[in-house]
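Coordinate analysis (summary)
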Amino acid sequence: MKKKKIIIALILLILLIPIPIHLKDGGTVEYRAILYKVSVIHRLNTNSLTGYEDGIIIEILGLEIYENIDKHDKNLE
């Protein structure tokens, strides 16, 4: 029984521990695990007042469940 608990704990660790990946788009960092992905967006955007887009995207099992990207678009103002 103790061996099964250890195996289950290891499987959960593999599925849930994220690996950070730094993208070369202005500063975006993705935290990827097998079951989910969290992207902290900070990418270049020449149509923006600040020059960047900022926000967060959360995906679980490949399905986007949350997105909050502030584009600061010049055309909207």
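Values in this document were obtained by computation on a predicted structure and should not be read as measured data. What you see as residue numbers is a count from 1 along each chain, following the sequence as written. In keeping with the model being predicted, local features are shown solely for residues with a pLDDT of at least 70 and side-chain atom pairs are shown and tallied solely at 80 or more, while totals for entire chains, interfaces and linings include all residues. Each side-chain value is derived from all of the structure's non-hydrogen atoms; neither hydrogens nor water enter the calculation.

**Examining the overall build of the protein**
For the purposes of this entry, the term helix denotes a DSSP run of H or I that reaches at least four residues, the term strand denotes a run of E that reaches at least two, and both are numbered from the N terminus. Within the protein, the regular secondary structure consists of one helix and five strands. Put simply, the protein runs from its N terminus to its C terminus through helices and strands in the order α-β-β-β-β-β. What you see for the protein is a C-alpha radius of gyration of 17 Å, clearly larger than the 11 Å of a compact globule of 77 residues, by over 25%. In terms of principal-axis extent, the alpha carbons of the protein reach across some 65 × 25 × 15 Å. Scored against the burial criterion, the 77 residues of the protein give a buried share of 18%. Contacts between residues were defined by any pair of non-hydrogen atoms, one from each residue, lying within 4.5 Å. Here the analysis covers contacts within the protein between residues at least 6 apart in sequence; of these, 15% occur between residues at least 24 apart. A 1.4 Å probe and the Shrake-Rupley method give the accessible areas. Residues count as covered only by the protein chains that appear here. Accessible area for the protein stands at about 6100 Å²; split by element, carbon and sulfur atoms hold 64% of it. Averaging the positions of the 10 positive and the 10 negative side-chain charges in the protein gives two centres separated by 20 Å. Restricting the calculation to C-alpha atoms gives the radius of gyration, and the globule rule supplies 2.2 Å times the number of residues raised to the power 0.38. Categorising residues by exposure relies on relative accessible area from a 1.4 Å probe, with only protein chains included: less than 20% of the type maximum marks a residue as buried, more than 50% marks it as exposed, and the intermediate range marks it as partly exposed. We treat Lys and Arg as the positive residues and Asp and Glu as the negative residues; His and chain ends play no part in the count. For the purpose of locating charges, the reference atoms are NZ of Lys, CZ of Arg, CG of Asp and CD of Glu.

**Quick notes on the sheet that holds strand β4 (residues 52-60)**
Reading across the sheet, the five strands line up as β1-β2-β3-β4-β5 and stay open at both edges, with antiparallel pairing between neighbours. In this open sheet, the two edge strands, each paired with only one partner strand, are β1 (19-22) and β5 (63-70). Taking each pair of neighbouring strands and ignoring which way they run, the sheet shows an average axis angle of 15°. As paired elements, β1 and strand β2 (residues 29-32) share four bridges and run antiparallel to each other. When the bridges of β2 are listed, Ile19 appears paired with Arg32. Pairing between strands requires that DSSP locate at least two bridges from one strand to the other. Note on geometry: axes are lines fitted to C-alpha atoms, helical ones only across the stretch in contact, with angles between N-to-C directions running from 0 to 180 degrees.

**Looking at the pairing of β4**
Along β4, the buried face is formed by Glu53, Gly55, Ile57 and Glu59; none of Tyr52, Asp54, Ile56, Ile58 and Ile60, which line the opposite face, is buried. Pairing analysis gives nine bridges linking strand β3 (residues 36-44) to β4, with the strands arranged antiparallel. Looking across to β4, one finds that Tyr36 is bridged to Ile60. Looking at chain direction, β4 and β5 are connected through seven bridges and run antiparallel. Bridge pairing links Asp54 to Asp70 in β5. Hairpin connection, β4 to β5: the antiparallel pair is bridged by two residues, and Leu61 has positive phi, about 55°.

**A short note on the pattern of salt bridges**
The working definition used for a salt bridge is a side-chain nitrogen of Lys or Arg within 4 Å of a carboxyl oxygen of Asp or Glu. All chains considered together, the criterion is met by four salt bridges. A salt bridge links Glu30 to Arg32, with the nearest nitrogen and oxygen atoms 2.9 Å apart. Arg32 sits in the partly exposed class, given a relative accessible area of 41%. For Lys37, the salt bridge is made with Glu30, and the minimal N-O distance between the two is 3.8 Å. Note on Glu30: relative accessible area 9%, which makes it buried.

**What about the environment of Asp54?**
Inspection of the secondary structure assignment puts Asp54 in strand β4. For Asp54, a relative accessible area of 30% translates into the label partly exposed. Sequence separation between Asp54 and Arg43 is eleven residues; the distance between their C-alpha atoms is 6.9 Å. Within the local environment of Asp54, its side chain forms a polar contact with the side chain of His42, the two groups lying 2.4 Å apart. Think of a polar contact as two N or O atoms within 3.5 Å of one another; within protein, one of them needs to be a possible hydrogen donor and the other a possible acceptor, and neighboring residues in sequence only count if both atoms come from side chains.

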